[in-house]
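Residue strings, one per chain:
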Amino acid sequence: EFRRVLFRSIAAAGSGDQICIAVEKLSDRRIIAAALRAAARGARLQVLLARNQMPNQAVSGELLREGGGRIEVRWYPSGQGGSHPKLLVVRHRTDLWMNFGSANFTRRNLGDLNLAASVELRMPARAAPARAVTDYFAEAWLRASADADFVDQSSAAYWRYRFAEATGLSRF
């Protein structure tokens, strides 16, 4: 299952590793929990999200609050139209694992309710494709906004998002 592959890749990260996530929507609880545990083990995370209110505002608040200072969140520029890439990159020492696809990291998309395609690649971090994807993410990260006002750390937003995710009564 696609979710397990993502989960295992994040779960393998630890001290000195780098995790880059770029998705339109992030709400899958296993992915979020794995990211928080990776941060607790010493991995550094950069999370790039779209500026939609639900679920990203509440999820970003949770990541920043619980991430021990090892998780950064930024937002795609608000004028950027079209869909955003769905990318997960884990750099572990000299190796790089990446997953590039069209499914958001949400319960509905990762629970086989979205028959979207994705590609998983493992390679040395110095390989040309690895450098290209890390350069792509770095450029997107530099263009992104670090607007802390968009983060919602309120318990109301958190529980509204958690209810929608747990029940599947959401558009994400």
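Up top is the structure these notes are about.
The structure displayed is predicted, hence computed values, not measured ones.

Participant: I'd like a description of the side chain of Arg3, backed by residues and values.
Facilitator: In this structure, Arg3 sits in helix H1 (residues 2-11). A polar contact is formed between the side chain of Arg3 and the side chain of Asp28, at a distance of 3.0 Å. Those residues in contact with Arg3 that sit more than four places away from it in its chain are Asp28, Arg30, Ile31, Arg107, Leu110 and Gly111.

Participant: How would you sum up the nonpolar core? Please name residues and give values.
Facilitator: Core analysis: the biggest nonpolar cluster contains 40 residues, and Ile19, Leu26, Leu88 and Phe105 have the highest contact counts within it. At the level of secondary structure, the elements contributing two or more residues to this core comprise H1, strand S1 (18-23), helix H2 (29-40), strand S2 (44-49), helix H3 (56-66), strand S3 (71-75), strand S4 (86-92) and helix H6 (155-167). Here this core gets seven residues from one element, more than from any other, and that element is H2. Those residues within four positions of Ile19 in sequence are excluded, and the remaining contacts are Ile10, Ala13, Ala38, Ala43, Arg44, Leu45, Gln46, Leu88, Val89 and Val90. Core analysis: the next-biggest nonpolar cluster, separate from the first, contains 17 residues, Leu96, Ala130, Val133 and Ala144 among them.

Participant: I'd like to hear about the layout of surface pockets, residue by residue, with values.
Facilitator: One number sums up the size of the largest pocket: a volume of about 180 Å³. Taken together, Arg8, Ser9, Ala12, Ala13, Val90, His92, Asp95, Leu96, Trp97, Arg122 and Met123 form the lining of the largest pocket. Where the lining of the largest pocket is concerned, the elements lending two or more residues are H1, S4, strand S5 (95-101) and strand S6 (118-124).

Participant: Residues and numbers for the environment of Arg29, please.
Facilitator: Among the secondary structure elements, Arg29 is positioned in helix H2. The class of Arg29 is partly exposed, set by a relative accessible area of 23%. Between the alpha carbons of Arg29 and Gln53 there is a distance of 17 Å; along the sequence they are 24 residues apart. When sequence neighbours within four positions are dropped, the list of residues in contact with Arg29 reads Glu62, Tyr158, Tyr161, Arg162 and Glu165. A distance of 2.8 Å separates polar atoms of two side chains, one belonging to Arg29 and the other to Glu62.

Participant: How would you sum up the pairing of S5? Please name residues and give values.
Facilitator: Where burial is concerned, most of S5 is hidden: five out of the seven residues are buried. Inspection of the sheet shows S4 paired to S5 by seven bridges, in the antiparallel sense. Bridging across to S5, Lys86 finds its partner in Gly101. In this antiparallel pair of consecutive strands, S4 and S5, the connection spans two residues, and Arg93 shows a positive phi of 55°.

Participant: Tell me about unusual backbone geometry, residues and numbers included.
Facilitator: Here the phi dihedral of Arg93 falls at roughly 55°; this positive angle occurs in a residue that is not glycine. Mapped onto the elements, Arg93 comes out in the loop between S4 and S5.

Participant: So what's going on with the packing of H1 against H2? Residues and values would help.
Facilitator: H2 packs onto H1 with a crossing angle of 10° between their chain directions and a minimal axis gap of 9 Å. The orientation of H1 relative to H2 falls into the category roughly parallel. Residue-level inspection shows Arg3, Arg4, Leu6, Phe7 and Ile10 of H1 in contact with H2, the latter providing Arg30, Ile31, Ala34, Ala35, Arg37 and Ala38. A per-class count over the contact of H1 with H2 returns seven nonpolar, no polar and four charged.

Scoring rules and cut-offs
- Residues numbered from 1 in each chain as written.
- Predicted model: local features only at pLDDT ≥ 70, side-chain atom pairs only at ≥ 80, totals over all residues.
- Heavy atoms only, no water.
- Helix = DSSP H or I, 4+ residues; strand = E, 2+ residues; numbered from the N terminus.
- Polar contact = N/O pair within 3.5 Å; in protein donor to acceptor, adjacent residues only side chain to side chain.
- Contact = heavy atoms within 4.5 Å.
- Core = buried A, V, L, I, M, F, W, Y, C linked by side-chain atoms within 4.5 Å.
- Buried < 20%, exposed > 50% of the residue type's maximum accessible area, 1.4 Å probe, protein only.
- 1 Å grid on protein atoms, 1.4 Å probe; cavity = no way out; pocket = protein on both sides within 12 Å on 5 of 7 lines; lining within 4 Å.
- Points joined across faces, edges and corners; volume = space filled by probe spheres on them.
- Pairing = 2+ DSSP bridges.
- Axes fitted to C-alpha atoms, helices over the stretch in contact; angles between N-to-C directions.
- Parallel < 35°, antiparallel > 145°, perpendicular 65-115°, else oblique.
- Nonpolar A, V, L, I, M, F, W, Y, C, P; charged D, E, K, R; others polar.

Function cannot be read off these values alone, since they describe shape.
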